[in-house]
Amino acid sequence: MLRITADIFSGRSNPVWEVRDGAEARAALRALTADRGLLTESAPAASGLGFRGFQVETLGDDHASDLGLASVYLPVGATAGGAGAAELGERLISLIGRSESAGYAAEDALPLDESLATFLGAQLEAVSSATGTASRSTRDTRGGEATAAPGQERAPEDSESAAAVTCYIERTAFNPGFWNNDATTLANNNCYNYASNWRTNTFAQPGRGAGAMYSAVTCAEVTRGALADGMHRRFDCFPDTEKPRPLVALVVAPGPGFIDYHWYRLQSEPFWGHKPGRTAARNTDNSGVVIGNPETANRGPYTQFCGYFYGCNTQRNRIR
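Nothing here was measured: the structure is a model prediction, and the numbers come from that model.

Criteria and cut-off values
- Residues numbered from 1 in each chain as written.
- Predicted model: local features only at pLDDT ≥ 70, side-chain atom pairs only at ≥ 80, totals over all residues.
- Heavy atoms only, no water.
- Helix = DSSP H or I, 4+ residues; strand = E, 2+ residues; numbered from the N terminus.
- Buried < 20%, exposed > 50% of the residue type's maximum accessible area, 1.4 Å probe, protein only.
- Areas by Shrake-Rupley, 256 points an atom, 1.4 Å probe, with all protein chains shown as cover.
- Polar contact = N/O pair within 3.5 Å; in protein donor to acceptor, adjacent residues only side chain to side chain.
- Contact = heavy atoms within 4.5 Å.
- Core = buried A, V, L, I, M, F, W, Y, C linked by side-chain atoms within 4.5 Å.
- Pairing = 2+ DSSP bridges.
- Axes fitted to C-alpha atoms, helices over the stretch in contact; angles between N-to-C directions.
- Salt bridge = Lys/Arg side-chain N within 4 Å of Asp/Glu carboxyl O.
- Expected span 1.5 Å × (residues − 1).

### A look at the overall build of the protein chain
Consideration 1: For the protein chain, the helix and strand inventory stands at nine helices and twelve strands.
Consideration 2: Residue burial in the protein chain is summarised as follows: out of 320 residues, 49% are buried.
Consideration 3: For the protein chain, the computed accessible surface area is about 13300 Å², with 49% contributed by carbon and sulfur atoms.

As structure tokens, this is what we get:
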């Protein structure tokens, strides 16, 4: 048997389907191994937001021997190993109609039907066509001058106007190894985990820990879930008892078609870090540029900027 994961989302759970017919599985393996130059062990470091590729895992040692290892990754789009990657991706998508859901399917998993195959096919075509550690407190001020330690920058302002407010936040040094160097941590923690700076290994969802998970992927609903977990909107300050209080940002890919959310966290260097879904934590955008401002960074399909928020100790201990 094979388990295929379309590595496309950042906040939501990725689509997963299992090919349980032995002949179908072997045929897919033969196609994959015909050009091993297209395959990698995991998502390339340069992959960003949007459709990154497919993780193909064998569920028995017989198929593992056919493949030569238990798991491979097929990058698509900008990090594809060649023109054949899109064709292989189409073949994997075509197996959806003859596959079954993974036994551990997430509560927000998309149904394995023709609409999923059509959605993934359209996203694959789009990305293929487009490519020919200690923390310290600082002030986050609106309506006045921000005071920070030397070498630190003022965080970007919200667009809305209001009276002067000063809140204190904590910014940690960028530490991607914490998220990237362990396979379990890498695969089971997403952008919301990274923004909260809390590893749960549950692919945390805004509001789930509070029993108030978002009901739609919109700025308003994902915000509602995060606030239920204990986040505050920016300039609604937390007391010192709630340290650490990171400054984070939320964006949404509104569709049509591609719908997801994504979070960023301000680091102390200063720049913004993030972790797109199951892939590696990084500090660069979709153009490979270090993120100085998430509002102006290349965010791919995540075109809606929803705003800035503060995390806190209560919130990160609540997320699930």
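That covers the picture; the talk isn't over yet.
### Here we look at the side chain of His 274
Consideration 1: Its location among the elements puts His 274 in the loop between strand E11 (272-273) and strand E12 (304-310).
Consideration 2: Classification of His 274 by relative accessible area gives buried; the value is 2%.
Consideration 3: In this structure the side chain of His 274 is engaged in a polar contact, spanning 2.8 Å, whose partner is the side chain of His 262.
Consideration 4: Those residues within four positions of His 274 in sequence are excluded, and the remaining contacts are Tyr 194, His 262, Trp 263, Tyr 264, Ala 280, Ala 281, Arg 282, Thr 284 and Ile 291.

### Topic: the nonpolar core
Nonpolar side chains tend toward joint burial in soluble globular proteins.
Consideration 1: Trp 17, Phe 51, Phe 54, Leu 74, Leu 120 and Trp 272 are the most contacted members of the largest nonpolar core, which totals 49 residues.
Consideration 2: At five residues, helix H1 (residues 22-33) tops the list of elements feeding residues into this core.
Consideration 3: With sequence-adjacent residues up to four places away left out, Phe 51 is seen in contact with Ala 6, Asp 7, Ile 8, Val 76, Leu 120, Gln 123, Leu 124 and Val 127.
Consideration 4: Core analysis: the second largest hydrophobic core is formed by 19 residues, Ala 204, Tyr 214, Leu 250 and Trp 263 among them.

### Here's the deal with unusual backbone geometry
Consideration 1: Following Lys 243, the chain continues into Pro 244 via a peptide bond in cis, with omega recorded as 0 degrees.
Consideration 2: Along the chain, Pro 244 falls in the loop between strand E8 (232-233) and strand E9 (247-254).
Consideration 3: Along the chain, Gly 255 connects to Pro 256 via a cis peptide bond; the corresponding omega equals 5 degrees.
Consideration 4: Inspection of the secondary structure puts Pro 256 in the loop between E9 and strand E10 (259-266).

### A look at the sheet that holds strand E5 (residues 100-101)
Consideration 1: Read from one edge of the open sheet, five strands run E4-E3-E1-E2-E5, paired in antiparallel fashion. Two strands close off the open sheet at either side, each with one partner strand: strand E4 (71-75) and E5.
Consideration 2: With five bridges joining them, strand E3 (residues 53-58) and E4 adopt antiparallel strand pairing. From the neighbouring strand, Glu 57 faces E4, where its bridge partner is Ser 71.
Consideration 3: In the packing of H1 onto the sheet, contacts are made with strand E1 (2-7), strand E2 (16-19) and E3, and the angle to E1 comes to roughly 55 degrees.

### Examining the pattern of salt bridges
Consideration 1: One pass over the full model with this rule turns up nine salt bridges.
Consideration 2: Note that Arg 20 and Glu 18 form a salt bridge whose closest N and O atoms lie 2.8 Å from each other.
Consideration 3: Glu 221 serves as the salt-bridge partner of Arg 224, at 2.8 Å between the closest nitrogen and oxygen. Placement of the pair is Arg 224 and Glu 221 together in helix H8 (residues 219-229), with a separation of three residues, close to one helical turn.

### Overview of H1
Consideration 1: Here H1 contains twelve residues, and its C-alpha end-to-end distance of 16 Å stays within 8% of the 16 Å for a straight helix at 1.5 Å per residue.
Consideration 2: Residues Ala 25, Ala 27, Ala 28, Leu 29, Ala 31 and Leu 32 constitute the buried set of H1.
Consideration 3: The distance from a side-chain oxygen at the start of H1 to the backbone nitrogen of Ala 23 is 3.1 Å, and the residue carrying that oxygen is Asp 21.

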